[in-house]
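So the chains spell out like this:
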Amino acid sequence: MLSPLALPAPQEARRWLVQRCDDSLARAAQTVAELKSAQDPSAAQVVDAWNEIQIALGNASAAASVHSETHPDAAVREAGDDAMRRIDAFSTDLGLDRELSDIVGAVSDEGLDHDSARLLSRIRRDFHRSGVDRDEATRARLKELAELELAASQEFSRNIRDGVRTIRVRPEDLAGLPEDWLKDHPADDNGLVTVTTDYPDSVPLMSFCTNRATREAMTLERLNVAWPVNDEVLLRLIALRQERATLLGYATWADFDAEVKMIKTGTAIREFIDKIAAAAQDSALRDKGVVLRRMQQDVPEAQDITSVDLAYYGELVRKETYDVDAQLVRTYFDFAAVRQGLLDVTARLFGLSWVAVLDAPVWHPDVTAYDVVRDDERIGRIYLDLHPRDGKFKHAAQFDLVSGVTGRQLPEGVLVCNLTRGLMEHDEVVTLFHEFGHLIHHVVGGNQRYVRFSGVATEWDFVEAPSQMLEEWAWDPTVLASFAKNDAGQPIPAALVERMKKGEDFGKGYQARTQMFYAGLSHALYTDPQTDVTATLREQQQRYSVFPYIPGTHFHCAFGHLDGYSSGYYTYMWSLVIAKDMFSAFDPHDLFDEHVASRYRDTVLAPGGSHDAADLVADFLGRPYSFDAYAEWLAR
Ligand SMILES: [Zn+2]
């Protein structure tokens, strides 16, 4: 039986990481050398060798990335970044290696099984997209560009990680915040309370603080994280990517990037954004009017509403119109119970069990490890790293630690979040379910012969569909009642959850428009020539968002997806359309129906990237995916 990766004790991490990187690069280099010296290798030999190389490189880069984003010791994070640069340089050389590409080009795919033929075609596509067939000067520049791009990308993330801002206010300026939150934020010797831009601090403040000046001060800090430093970094990153796309013969980076996605072209991205924006128009304006009128009861002179007031008055509307008191709601969501509840729910749904591994070495005491067991067999391991700390990744994401390969290595993944330690907002519960959807995809899809297809290795604009679909379980009264209990042990009432759902549906039109503003920004930055990102931001906000820009803010500087997703932020909405469609196959009155869930697990998640996502979804639904379920939900 396969054993999980043995992680080092925290003080050993740096040495361990460098070693893992060295070993992996050596193994990859050796496999390359063997392939080059082989006499007329067969196609099967080529794909097997390629799999070895990708396993080695993937193992090194996954460990490097997890450590770079999570390790409490800055020196280890730096070692992670350094390892990433070395692996990236190796991969770039590989992609530009003519001798290798000739070997791959010379074999015939005749007689290959489906997965091997698919892998061979992917290897060839990758070679073409990395520019191996370009002249020598171009290849030299492409190599340079790859290094510069990675450096800029790492700089962008580091500036966000290290860019936490704070406000200092008097305790009376925090009126409206929950008692336990206030208790966790005592005044210092000067009588002032420090509140950071980290989510557990700033999200409740924006939702509940009755003092507009405090909300305004926090808004300005939140929307200026990593500004001005990341302004220049982002412009540089965009220019480098655009240059690469041009050298490779694409009109824009968006075209280059979209080619390997479900959406296929940059133009189709803008069309999709416009289609969603139009579909959301009526409901966006209707619900915005409701929030604005509620604000005008307090501020009669208010003409418009911005992010200073949106969360706060949105919350008030939910409370007054739908009788959803977020502060009452959070009394049902104690972190420890939610974490256990999530594990129980997903275990039941997907036929798995999560077995705590108490003696597993972890990088911080907050981290918990679980073995994933199916039919008495360990099929993977997961790590949950769920609370904020200095120098840690600031958002929520699933990181691969090891990609599963049948008979070789177990899939292992890490959830990295920034959740409250005590009573959680329901939004945080939804986030946790979302990220767990990625983790399950990674593990369940991790039984593959070729690492290239392991886990969340589908087209990148499909990856958010399984995670967004799992969010639905965090809105179901029966599911929530199984773990969400207040101090007195009473489960959350079904009627309250029904009202929460109505409250959540309120504002979905303007939220969709805000999402299209982000998607439009991500597309514009990587399509049109850029000199002033803030100007593009303002232009896209005006075009898609129904809320105005706040002068003096620079949201883009801390919007990590502008690096990671580049032109592809539309992915979330594209995936949501598919998630709503897939969810329509489940019985909304019985979300624990194991037949549908196990069919979903086996047809959509288990194949990983071994087939096109559209085919997996069609296999599950019995028909091609469509826009209808999403449009119906939006109009509701
Ligand atoms: Zn996600």
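The structure presented is a predicted model; accordingly, all values stated were derived computationally and were not measured. (Residues numbered from 1 in each chain as written. Predicted model: local features only at pLDDT ≥ 70, side-chain atom pairs only at ≥ 80, totals over all residues. Heavy atoms only, no water.)

1. A closer look at the overall build of the chain
Reasoning step 1: Across its full length, the chain holds 26 helices and seven strands.
Reasoning step 2: Taken over C-alpha atoms, the radius of gyration comes to 25 Å for the chain, in line with the 26 Å a tight globule of 636 residues would show.
Reasoning step 3: Taken along the three principal axes of its C-alpha coordinates, the chain extends 80 × 55 × 55 Å.
Reasoning step 4: Taking all 636 residues of the chain together, the buried fraction comes to 58%.
Reasoning step 5: Once local pairs closer than 6 in sequence are excluded, the contacts in the chain between residues at least 24 apart make up 73%.
Reasoning step 6: If you sum the accessible surface of the chain, you get close to 25,700 Å²; carbon and sulfur atoms cover 51% of it. (Helix = DSSP H or I, 4+ residues; strand = E, 2+ residues; numbered from the N terminus. Rg over C-alpha atoms; globule rule 2.2 N^0.38 Å. Buried < 20%, exposed > 50% of the residue type's maximum accessible area, 1.4 Å probe, protein only. Contact = heavy atoms within 4.5 Å. Areas by Shrake-Rupley, 256 points an atom, 1.4 Å probe, with all protein chains shown as cover.)

2. Overview of the packing of helix α12 (residues 266-298) against helix α13 (residues 310-321)
In a pair of packed helices, the angle between the axes and the distance between the axes together describe the arrangement.
Reasoning step 1: The N-to-C vectors of α12 and α13 enclose an angle of 95 degrees; their axes lie 9 Å apart at closest approach. As judged from the angle between their axes, α12 and α13 are roughly perpendicular. Contacts from Val-290, Val-291, Arg-294, Met-295 and Asp-298 of α12 reach α13 at Leu-310, Tyr-313, Gly-314, Leu-316, Val-317 and Glu-320.
Reasoning step 2: Residues that form the contact of α12 with α13 fall into these classes: seven nonpolar, one polar and three charged. (Axes fitted to C-alpha atoms, helices over the stretch in contact; angles between N-to-C directions. Parallel < 35°, antiparallel > 145°, perpendicular 65-115°, else oblique. Nonpolar A, V, L, I, M, F, W, Y, C, P; charged D, E, K, R; others polar.)

3. So, the domain arrangement of the chain
Reasoning step 1: As assigned here, the chain comprises domain 1 (10-133), domain 2 (164-223) and domain 3 (331-502).
Reasoning step 2: The centre of domain 1, based on its C-alpha atoms, is set 46 Å off from the matching centre of domain 2. (Domains from an automatic or database assignment.)

4. Quick notes on helix α16 (residues 426-444)
Reasoning step 1: Spanning 19 residues, α16 covers 27 Å between terminal C-alpha atoms, matching the ideal 27 Å at 1.5 Å per step.
Reasoning step 2: With 17 of its 19 residues buried, α16 lies for the most part within the structure. (Expected span 1.5 Å × (residues − 1).)

5. Describing the coordination of the zinc ion
Reasoning step 1: Only His-434 (NE2), His-438 (NE2) and Glu-464 (OE) from the protein reach the zinc ion as donors, at distances of 2.1 Å.
Reasoning step 2: Positions of the donor residues of the zinc ion, expressed as sequence spacing, correspond to H-x3-H-x25-E. A residue pair is termed a helical-turn pair when its members lie 3 or 4 positions apart in one helix, as His-434 and His-438 do in helix α16 at four residues. Here His-434 and His-438 have matching classes, each one buried. (Donors = N, O, S within 2.8 Å, 3.2 Å for Na, K, Ca; no water.)

6. Concerning the sheet that holds strand β4 (residues 368-374)
Pairing between sheet strands relies on hydrogen bonds along the backbone, with the strands arranged either parallel or antiparallel.
Reasoning step 1: The five strands are arranged β3-β4-β5-β7-β6 in an open sheet whose pairing can be described as mixed. Both outer strands of the open sheet, β3 (353-356) and β6 (397-402), are each paired with one neighbouring strand and no more. Along the sheet, successive strands turn relative to each other by an average axial angle of 30 degrees, direction set aside.
Reasoning step 2: The pairing of strand β5 (residues 377-385) with strand β7 (residues 412-416) spans five bridges and is classified as parallel. When the bridges of β7 are listed, Leu-384 appears paired with Leu-415. (Pairing = 2+ DSSP bridges.)

7. Focus on the pairing of β7
Reasoning step 1: Of all the five residues making up β7, five are buried; the element is thus mostly covered by neighbouring parts of the structure.
Reasoning step 2: On β7, burial covers both faces: Glu-412, Val-414 and Val-416 on one face and Gly-413 and Leu-415 on the other are all buried.
Reasoning step 3: Note: β6 against β7, five bridges, orientation antiparallel. Pairing of Phe-399 across the sheet is with Val-414, part of β7.

8. Section: the side chain of Glu-435
Reasoning step 1: Within the secondary structure, Glu-435 is located in helix α16.
Reasoning step 2: Despite its burial, Glu-435 pairs with no opposite charge; the closest candidate is Lys-392, at 12 Å N-O.
Reasoning step 3: Contacts of Glu-435, omitting those with residues within four sequence positions, involve Ala-396, Ala-397, Gln-398, Leu-415 and Cys-417. (Lys, Arg positive; Asp, Glu negative; His and termini not counted. Salt bridge = Lys/Arg side-chain N within 4 Å of Asp/Glu carboxyl O.)

9. Quick look at the environment of Glu-498
Reasoning step 1: Within the element layout of this structure, Glu-498 appears in helix α19 (residues 494-505).
Reasoning step 2: A relative accessible area of 36% places Glu-498 in the partly exposed class.
Reasoning step 3: Along the chain, Glu-498 and Tyr-322 lie 176 residues apart, while their C-alpha atoms are 9.5 Å from each other.

10. Looking at the nonpolar core
Reasoning step 1: Counting residues in each nonpolar core, the largest one holds 126 residues, and the members touching the most others are Phe-333, Trp-354, Phe-436, Trp-473, Met-582, Phe-586 and Tyr-630.
Reasoning step 2: When neighbours within four sequence positions are excluded, Phe-586 is seen to be in contact with Met-469, Trp-473, Leu-591, Val-596, Ala-597, Tyr-600 and Phe-620.
Reasoning step 3: Within the second largest apolar cluster, 30 residues are counted, among which are Trp-50, Ala-56, Val-104 and Val-132. (Core = buried A, V, L, I, M, F, W, Y, C linked by side-chain atoms within 4.5 Å.)

11. Let's talk about the packing of aromatic side chains
Reasoning step 1: Enumeration according to the criterion identifies 34 aromatic pairs in this entry.
Reasoning step 2: Here Tyr-322 and Phe-506 contribute two aromatic rings whose centre-to-centre distance is 6.1 Å and whose plane-to-plane angle is 50 degrees, an arrangement assigned as tilted. Of the two residues, Tyr-322 is situated in the loop between α13 and α14 (326-329) and Phe-506 in the loop between α19 and α20 (508-525); the sequence distance between them amounts to 184 residues.
Reasoning step 3: Members of the aromatic cluster, connected to one another through ring pairs, are Trp-460, Phe-517, Tyr-518, Phe-555, Phe-559, Tyr-565, Tyr-569 and Tyr-572.
Reasoning step 4: Sitting over the ring of Phe-627, Lys-275 keeps its end group 4.1 Å from the ring centre. (Phe/Tyr/Trp six-rings, centres within 6.5 Å; stacked < 30°, edge-to-face > 60°. Lys NZ or Arg CZ within 6 Å of the ring centre and 35° of its normal.)

12. With respect to unusual backbone geometry
Reasoning step 1: With an omega dihedral of 5 degrees, the bond running from Trp-227 to Pro-228 counts as a cis peptide bond.
Reasoning step 2: Relative to the elements of secondary structure, Pro-228 occurs in the loop between α9 (212-222) and α10 (229-247).
Reasoning step 3: With a phi angle near 75 degrees, Lys-264 is a residue other than glycine that sits in the positive phi range.
Reasoning step 4: Following the sequence through the fold, Lys-264 ends up in the loop between α11 (253-258) and α12.
Reasoning step 5: Residue Asp-376 is not a glycine yet carries a positive backbone phi of 65 degrees.
Reasoning step 6: Take Asp-376: it is sitting in the loop between β4 and β5.
Reasoning step 7: With relative accessibility at 81%, the residue Asp-376 sits in the exposed group.

13. Description of α9
Reasoning step 1: Where α9 is concerned, the buried positions are Thr-214, Arg-215, Met-218 and Thr-219. Viewed end-on, α9 has its buried residues packed into an arc of 135 degrees, placing them on one side of the element.
Reasoning step 2: Those residues of α9 that are buried lie in contact with β1 (166-169), β2 (193-196), α8 (199-208) and α13.
Reasoning step 3: The residue sitting at the N-terminus of α9 and contributing the capping side-chain oxygen is Asn-211; that oxygen lies 2.9 Å from the backbone nitrogen of Ala-213. (Arc of directions from axis to C-beta. Polar contact = N/O pair within 3.5 Å; in protein donor to acceptor, adjacent residues only side chain to side chain.)

14. As for the UniProt feature "domain: Peptidase M3A/M3B catalytic" (unreviewed entry) in the chain
Reasoning step 1: Summarizing the sequence annotation, UniProt attributes the feature "domain: Peptidase M3A/M3B catalytic" (unreviewed entry) to residues 206-632 in the numbering used throughout.
Reasoning step 2: End C-alpha atoms of residues 206-632 are separated by 31 Å, and the span's content is 52% helix alongside 7% strand. (UniProt positions renumbered as here; feature names shortened; annotations may be inferred.)

15. Some details on the packing of helix α24 (residues 594-605) against helix α25 (residues 613-621)
Reasoning step 1: Axis separation between α24 and α25 bottoms out at 9 Å; the angle between their running directions is 155 degrees. It follows that α24 is roughly antiparallel to α25 by the angle criterion. At the point where α24 passes α25, the crossing takes the right-handed sense. For the pair α24 and α25, the contacting residues are Val-596, Arg-599, Tyr-600, Thr-603 and Val-604 in the first and Leu-616, Asp-619 and Phe-620 in the second. (Left-handed = near helix turned anticlockwise from the far one by under 90°.)

16. Quick notes on the environment of Arg-236
Reasoning step 1: Secondary-structure assignment places Arg-236 in helix α10.
Reasoning step 2: Judged by relative accessible area, Arg-236 falls into the partly exposed class, the value being 28%.
Reasoning step 3: Arg-236 sits 258 residues away from Ala-494 along the chain, and the two C-alpha atoms are 51 Å apart.
Reasoning step 4: When neighbours within four sequence positions are excluded, Arg-236 is seen to be in contact with Ala-152 and Glu-155.

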